[in-house]
Amino acid sequence: MTSLSQIQCLEDFKRLAKRKLPGFAFDYIEEGCNDDCAIRRNRRVLDEVLLEPHYLTSYREPDTQVNLFGKAYASPFGIAPLGLSGLIWPNASIMHARGAKQANIPFVLSTVATISIEQAAKEAGDNFWFQLYPPADRGICIDLMQRAWQSGCRNLVVTLDVPTPSRRIKAIKSGLSVPPKVSVSNVLQAACRPHWSMATLKQGMPEFANLTPYMGDAANNMQDAANFIRTTMRDVVDLHYLQWIREHWQGNLIVKGVLGVADAKDLALLQVDGLVVSNHGGRQLDAAASPLEVLTDIKQLVAEDLLLMADSGIASGVDVARYLAMGAEAVLLGRGFMYAVAAKQQIGVHHYIELLQIELQQVLSQLHCNDVQSLIKHLG
Ligand SMILES: Cc1cc2nc3c(=O)[nH]c(=O)nc-3n(C[C@H](O)[C@H](O)[C@H](O)COP(=O)(O)O)c2cc1C
């Protein structure tokens, strides 16, 4: 039994998660795509970002608060949208929502998470943001947006960067798809992880809770549900579709998955409110730039008009500081929060948030940087 005091960084969570999860579930979190070049690039580029201390300037207790879209948050990081979260642990997204609410950070629920918009809103309150994969059926799209709005959500994150499923080699081999392939190997892997298996059996097969209301009888059968998602839920998110969403969503519209100046320019013209510069944690395009490599150019172009966030590759509070020094106003973390749940469930989420806060405070103090907005002056 690993005690919390023995978990002091993301690698500790990851090691424990590997011991707790069947291989196919662990791979679902860890894998990038193709040869995992984008994952390695994210790490390499982060490691190259240096921060310069100003030891001779006056110094006070650093302030980590940020204001995003009119709400003050305690820290400049939040929980990224994570699909199929119930595969990692039953109610993983509820644990994330509760952790975010308690720590006052954003929680972004994925369209394809395994809890509903309504549950997420109940747990996260006004820390709840909703991520939309725009469906081909505009009626469903309107309904999802209305449900989010009526649940109190004011920040809609539309993901751009999944025009097609990516090639995740281990997932293809293990049959981790919708519907999942029940192979001898997967059953054996699950049998070797009794804690996970018992928790999963007790809860039942994870389902796409946001989408079941639209599935009719298809919801009762994995193959039909898979066909439904393939045909009804997928559409190309081009400028026209985004324009239409802009016209139908009265809250803040944030577009996630931007990696180039050309797209950022179009989005600014469309009057979206924010961008998440992201390569989806290296899970979609193996030849993608790291968000840090394009952040400065995008910021120069659009900083006046909209709020710039980013994600991909962040493991620690030092990484959060690096992204902020490069121009992001806030960041999201994906895998870290999945490993935290897998390793220690609810207390894992609280502990990971606390570690990130401690690390961020420490690096700010070390730099003599009084608040997170001033990190940009410390780029080495
Ligand atoms: C297991 C997993 C599932 C994800 N599901 C979604 C999703 O449903 N929607 C989405 O916009 N991004 C999704 N992402 C991408 C994250 O929101 C985020 O961009 C990425 O994880 C950031 O990189 P990091 O994992 O290195 O922190 C997923 C990422 C992971 C690891």
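Residues numbered from 1 in each chain as written. Predicted model: local features only at pLDDT ≥ 70, side-chain atom pairs only at ≥ 80, totals over all residues. Heavy atoms only, no water.

This brings us to the nonpolar core. Core analysis: the biggest nonpolar cluster contains 130 residues, and Phe128, Phe130, Ile245 and Leu275 have the highest contact counts within it. Looking at this core element by element, the count peaks at 16 residues for helix H16 (residues 335–367). (Core = buried A, V, L, I, M, F, W, Y, C linked by side-chain atoms within 4.5 Å. Buried < 20%, exposed > 50% of the residue type's maximum accessible area, 1.4 Å probe, protein only. Helix = DSSP H or I, 4+ residues; strand = E, 2+ residues; numbered from the N terminus.)

What follows covers the layout of surface pockets. Estimates place the volume of the second largest pocket at around 350 Å³. Along the wall of the second largest pocket there are 19 residues; nearest its centre are Leu160, Asp161, Gly257, Leu259 and Asp263. For the lining of the second largest pocket, the elements supplying multiple residues, two or more each, are helix H12 (239–248) and helix H13 (261–269). (1 Å grid on protein atoms, 1.4 Å probe; cavity = no way out; pocket = protein on both sides within 12 Å on 5 of 7 lines; lining within 4 Å. Points joined across faces, edges and corners; volume = space filled by probe spheres on them.)

Close to the ligand lie 23 residues, the nearest being Pro81, Ser110, Thr159, Asp311 and Gly313. Pro81 places a polar main-chain atom, nitrogen or oxygen, 2.8 Å from an oxygen atom of the ligand. For the ligand, a nitrogen atom lies 2.9 Å from a polar atom in the backbone of Gly83. Mapped onto the shell around the ligand, the elements with two or more residues apiece are helix H2 (23–30) and H16. Across the shell around the ligand, the residue classes break down as nine nonpolar, 10 polar and four charged. (Near = heavy atom within 4 Å. Polar contact = N/O pair within 3.5 Å; in protein donor to acceptor, adjacent residues only side chain to side chain. Nonpolar A, V, L, I, M, F, W, Y, C, P; charged D, E, K, R; others polar.)

Before going further, it helps to spend a moment on the packing of aromatic side chains. For any pair of aromatic rings, the description consists of the separation of the ring centres together with the inter-plane angle of the planes. Summed over the entire model, instances satisfying the criterion amount to eight aromatic pairs. Centre to centre, the rings of Phe69 and Trp129 are 5.8 Å apart; their planes meet at 70°, and the pair counts as edge-to-face. Taken together, the residues span a long stretch of sequence, with Phe69 in the loop between strand E1 (66–68) and strand E2 (71–73) and Trp129 in strand E5 (residues 128–132) at a distance of 60 residues. Looking at Trp129, the relative accessible area reads 1%, which means it is buried. Clustering of aromatic rings is evident, with ring pairs tying together Phe13, Phe337 and Tyr352. The lysine or arginine in question, Arg138, covers the ring of Trp244, its NZ or CZ lying 4.9 Å from the ring centre. (Phe/Tyr/Trp six-rings, centres within 6.5 Å; stacked < 30°, edge-to-face > 60°. Lys NZ or Arg CZ within 6 Å of the ring centre and 35° of its normal.)

Here we take up the side chain of Ser110. With respect to the helices and strands, the residue Ser110 is situated in the loop between strand E4 (107–109) and helix H5 (117–124). What makes Ser110 buried here is its relative accessible area of 2%. For Ser110, the contacting residues outside a window of four places in its chain are Pro81, Leu82, Gly83, Phe130, Gln131, Tyr133 and Asn210. (Contact = heavy atoms within 4.5 Å.)

Two numbers describe how H13 lies on helix H14 (residues 291–302): the axes approach to 10 Å, and their chain directions differ by 25°. The orientation of H13 with respect to H14, classified from their angle, is roughly parallel. The interaxial crossing formed by H13 with H14 has right-handed handedness. Taking contact as the criterion, the partners of Val261, Ala264, Lys265 and Ala268 in H13 are, on H14, Asp297, Ile298, Leu301 and Val302. (Axes fitted to C-alpha atoms, helices over the stretch in contact; angles between N-to-C directions. Parallel < 35°, antiparallel > 145°, perpendicular 65-115°, else oblique. Left-handed = near helix turned anticlockwise from the far one by under 90°.)

Next up on the list: the confidence of the model for the protein chain. Model confidence for the protein chain is summarised by a mean pLDDT of 94, while 98% of its residues fall at 70 or above. The secondary-structure element of the protein chain with the lowest mean pLDDT is helix H11 (residues 222–232), recorded at 76, while strand E3 (residues 77–79) shows the highest, at 99. (pLDDT = per-residue confidence, 0-100.)

What follows is about the pattern of salt bridges. Per the stated rule, a full pass over the model turns up 11 salt bridges. Arg41 is the salt-bridge partner of Glu293, the closest N and O atoms lying 2.9 Å from each other. Note that Glu293 is positioned in helix H14 and Arg41 in helix H3 (residues 37–48), a separation of 252 residues in sequence. In this structure, Arg43 and Asp47 form a salt bridge, with 2.7 Å as the shortest nitrogen-oxygen distance. Of the two residues, Arg43 and Asp47 both sit in helix H3, four residues apart, roughly one turn of that helix. Exposure remark for Arg43: the relative accessible area of 29% places this residue in the partly exposed category. (Salt bridge = Lys/Arg side-chain N within 4 Å of Asp/Glu carboxyl O.)

Next up on the list: H12. By the burial criterion, the buried members of H12 are Tyr241, Leu242, Trp244, Ile245 and Arg246. At its buried positions, H12 is contacted by E5, helix H6 (138–150), strand E6 (155–159), strand E7 (252–258) and H13.

This part is about empty space enclosed by the protein. Under the criterion given, the structure shown has one cavity of 30 Å³ or more. Estimates place the volume of the largest cavity at around 30 Å³. Taken together, Ile79, Ala80, Pro81, Leu82, Ser93, His96, Phe107, Val108, Leu109 and Ser110 make up the lining of the largest cavity. Among the secondary structure elements, those contributing two or more residues to the lining of the largest cavity are helix H4 (92–103) and E4. Top contributing element to the lining of the largest cavity by residue count: E4, with three residues. Residues of the lining of the largest cavity, tallied by class, amount to seven nonpolar, three polar and no charged.

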